[in-house]
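The chain contents come next:
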Amino acid sequence: METIIEVRDLAKIFHSRGRKIVAVEHVSFDVRKGEIFGMIGPNGAGKSTTFSMLTTLIKPTSGSIKVAGFDVNKEDDKIRPIIGIVPQKLSLYSDLTARENLEFMGKLYNVPTNLMDERIDYYLKLVGLENHADRFTGGFSGGMKQRLSVICAVLHEPQIIFWDEPSTGLDPQTRQAIWKLAKKFNGEGKTLIFTTHYMEEADNLCDRVAVMNLGKMVALDTPANLKEISGSSNLEEVFMHLTGEEVRD
Ligand SMILES: Nc1ncnc2c1ncn2[C@@H]1O[C@H](COP(=O)(O)OP(=O)(O)O)[C@@H](O)[C@H]1O
Ligand SMILES: [Mg+2]
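Residues numbered from 1 in each chain as written. Chains lettered and ligands numbered in written order. Predicted model: local features only at pLDDT ≥ 70, side-chain atom pairs only at ≥ 80, totals over all residues. Heavy atoms only, no water.

Section: helix α6 (residues 172-187)
Over its 16 residues, α6 extends 22 Å from the first C-alpha to the last, a length consistent with the 22 Å expected when each residue adds 1.5 Å. The set of residues buried in α6 consists of Thr174, Arg175, Ile178, Trp179, Leu181, Ala182, Phe185 and Asn186. Each buried residue of α6 sits inside an arc of 160 degrees when the element is viewed along its axis, so together they form one side. Exposed and facing more than 90 degrees away from the buried side of α6 are Pro172, Gln173, Lys180 and Gly187. Those residues of α6 that are buried lie in contact with β3 (36-40), α4 (113-126), α5 (142-154), β7 (160-164), β8 (191-196) and α7 (199-205). (Helix = DSSP H or I, 4+ residues; strand = E, 2+ residues; numbered from the N terminus. Expected span 1.5 Å × (residues − 1). Buried < 20%, exposed > 50% of the residue type's maximum accessible area, 1.4 Å probe, protein only. Arc of directions from axis to C-beta. Contact = heavy atoms within 4.5 Å.)

Here's the deal with the coordination of the magnesium ion (ligand 2)
Protein coordination of the magnesium ion (ligand 2) is provided by Ser48 (OG) and Gln88 (OE1), with donor distances spanning 2.1 to 2.2 Å. You can see Ser48 sitting in helix α1 (residues 47-54) and its partner Gln88 sitting in the loop between β6 (83-86) and α3 (98-108), a full 40 residues away along the chain. The exposure class of Ser48 is partly exposed, given its relative accessible area of 26%. Judged by relative accessible area, which is 39%, Gln88 ranks as partly exposed. (Donors = N, O, S within 2.8 Å, 3.2 Å for Na, K, Ca; no water.)

Section: the site of ligand 1
Around ligand 1 lies a shell formed by Phe14, Ile21, Ala23, Pro42, Asn43, Gly44, Ala45, Gly46, Lys47, Ser48 and Thr49. For ligand 1, an oxygen atom lies 2.9 Å from a polar atom in the side chain of Lys47. For ligand 1, whose free accessible area comes to 560 Å², the fraction covered by protein is 63%. Among the elements of the structure, β2 (19-32) and α1 are those that each provide at least two residues to the shell around ligand 1. The leading source of residues in the shell around ligand 1 is α1, at three residues. (Near = heavy atom within 4 Å. Polar contact = N/O pair within 3.5 Å; in protein donor to acceptor, adjacent residues only side chain to side chain. Areas by Shrake-Rupley, 256 points an atom, 1.4 Å probe, with all protein chains shown as cover.)

So, in structure tokens, the structure goes:
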């Protein structure tokens, strides 16, 4: 299978109030074109920081990343148009309507003007927001915001979708809808990378799962292999085994 993302010896160190925080270190992995790749790990493991580097939002301290063959340090302008990002902290304009948010994102990502309305209507319907198109998003529920955020991210038909914690804090119905959506996008040939701390989600959705702990990638395999290797019947056990029982705040 073709490689679409190549990460080598990645590190990110933050300096905050005189303290050095090693958020990510010695991380190397490949993502294959067309797969659903999951990153799991406790709070503070470095998942979002890794995402920010892969999506050109922040620069690595060291190491290299190639996305679709483009170097994040030198060719970030070539990467941005082919990826879609749904951040952990959703960034919608609360005093704009759903449609206005979509139009703004569409313009930022150069969606052709003659396709804009049609595409917006298609995606609003896809996530069941067609009757809320002209409401301010400030009044939306968490699930509605999550659904709107993902269609904001795919309006320009990216090859790769980065989705940071798609279903945290959402009800089971919305979670199921999100899984269906992820599978639909993947069925269209898009590569999906998402983070989660729901083992069930990783197990159901992912072709391969990377486990992160304290800034490092401690395992990477199919859910089935991860379970087999550690002799566990479920991914939660594998996860606890790899990341320990200490609670992270
Ligand atoms: N901008 C930042 N400045 C300082 N520390 C940060 C910053 N972003 C993340 N961190 C720290 O890096 C570590 C990894 O965070 P993060 O990548 O958000 O983890 P996760 O997404 O797995 O919960 C944490 O200790 C976090 O506090
Ligand atoms: Mg995070």
